[in-house]
Amino acid sequence: MKILHTADWHLGHQLHGHERRFEHDAFLDWLADTIKTRQIDALLVAGDLFDTANPPASAWQQLYRFLARLRAELPHLNMVLIGGNHDSPSKLDAPHELLRAFDLHLVGSISRDAEGRLETERLLVPLQDKTGKVAAWCAAVPFLRSSDLRVECLEEGQDRLIEGVRQVYAAVLDAGRARCEPGQGLIAMGHAYLAAGQLSELSERRVLGGNQHALPADIFALADYTALGHLHLAQSPAPGVHYSGSPLPLSLAEANYNHQVLEVTLEEGKLAGLERIPVPRAVEMIRLPESALDEALDAIAALEVPPLPAEAQPFLEVRLLLPKPEARIRERVLAAMAGKPVRLARISTRYQGSGQGLADGVSRRRLDEISPTEVFRLCYQRQFEGEPSPELVASFEEILVQVKEEQA
């Protein structure tokens, strides 16, 4: 059986105000073609289908159009999608019965009976091979919020949230393993942050309460393969446990990630192969090296980019290292970009200050022994290079006088 594992689509995402619909359309078209070409039996999407809990209508259209295309072209394809921390559980669950009629499994949240027992039935999905026989069971557990957890028998020193998640997975995986007949595999799906997982620099929200609630990988010990979402950098924090990563960069810091999907092969219910399939980049990201403003303007002028439609033009990040603030930076950057088929995503600025705190610059002196003007000068040196200009000091002292008069 061949399974394709992907996650963190973030449909509806914007990069510094720029729409990403063109990129997502290109990815979904490529994904549909890949599923057909590679004769995939099951598609697993491990959370964060959307970028926000209230995605635009165009994002829902993208998702439904994609699912409808796959069902029409590949009527026997197994499809299981779960919610992530960016998704609205109730909105994903709303069309559950309708989608299930087309054998599409979209799980936004867990549910419990009147006595508080976890309803594992709707979280267990049979995956059929090309002959129509069940080859594996999928434990489709969406992102777990603290309100989803019911902790029993908490021992001293145990974390309530971690143990609550452990108990949910234990119940679902135990029920799944009980259903497995000889030769059938058990797949765990989740949207969570595991201990030893590497976070993206900018674009991820931590699961549950933060790094202190990183989940241990042994939660998935019963599974033959674990398909995770949430971390945008593809990685494997434990044997048989994999993050597919996001299919496209969701921040400029992710420009150099190896964006991919995973093709998983099961034989007799056991993991027999894993292939990483690179996702083509529909829109490039150009990140200029950190430099002075004049050097950056020269680099922009030297850019050679072929003519492209507006939605396919590269994103440009200009990174500046300056000795002190400069006026009209954005206007000068935009002027240098005139006629270039690129889109300005961000101007990041870092200053060449000393980085020293006040205590570093006023050794063995009490703070009340330092004049406000000297504090201002030291703060300026920490942020910028050199001394503040006489005009800037005069302006500061004028404001200082006004404050003292108002307090008098």
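What counts and what doesn't
Residues numbered from 1 in each chain as written. Predicted model: local features only at pLDDT ≥ 70, side-chain atom pairs only at ≥ 80, totals over all residues. Heavy atoms only, no water. Axes fitted to C-alpha atoms, helices over the stretch in contact; angles between N-to-C directions. Helix = DSSP H or I, 4+ residues; strand = E, 2+ residues; numbered from the N terminus. Parallel < 35°, antiparallel > 145°, perpendicular 65-115°, else oblique. Left-handed = near helix turned anticlockwise from the far one by under 90°. Contact = heavy atoms within 4.5 Å. Salt bridge = Lys/Arg side-chain N within 4 Å of Asp/Glu carboxyl O. Buried < 20%, exposed > 50% of the residue type's maximum accessible area, 1.4 Å probe, protein only. Pairing = 2+ DSSP bridges. Core = buried A, V, L, I, M, F, W, Y, C linked by side-chain atoms within 4.5 Å.

(A) Local environment of the packing of helix α1 (residues 21-37) against helix α2 (residues 57-73). For the pair α1 and α2, the least separation of the axes is 11 Å and the interaxial angle reads 15°. Judged by the inter-axis angle, α1 sits roughly parallel to α2. Classified by chirality, the crossing of α2 by α1 is right-handed. Residue-level contacts link R21, H24, D25, L28, D29, L31, A32, D33, I35 and K36 of α1 to S58, Q61, Q62, R65, F66, R69, L70 and E73 of α2.

(B) Geometry of the pattern of salt bridges. Tallying each qualifying case throughout the model produces 22 salt bridges. E163 is the partner of R166 in a salt bridge, and the nearest nitrogen-oxygen pair spans 3.6 Å. Within this pair, R166 and its partner E163 are both found in helix α5 (residues 160-179), separated by 3 residues, close to a single helical turn. Accessibility expressed as a relative area gives 26% for R166, which makes it partly exposed.

(C) Structural view of the pairing of strand β7 (residues 124-128). Bridge analysis of β7 against strand β8 (residues 134-140) gives 5 bridges, and the strand direction is antiparallel. Along β8, the bridge assignment pairs V125 with C138. Once β7 ends, the chain turns through 5 residues before running back antiparallel as β8, passing G132 with a positive phi of about 90°.

(D) Layout of the nonpolar core. One finds I3, L127 and M189 to be the most contacted residues of the largest nonpolar core, which totals 54 residues. By residue number, the principal contributor to this core is α5, which donates 7 residues. For I3, the residues in contact, after removing those within four places along its chain, are I40, A42, L44, L127, I187, L262, E263, V264 and L266. One finds F27, L81, L99 and L106 within the second-largest nonpolar core, a separate group that totals 30 residues.

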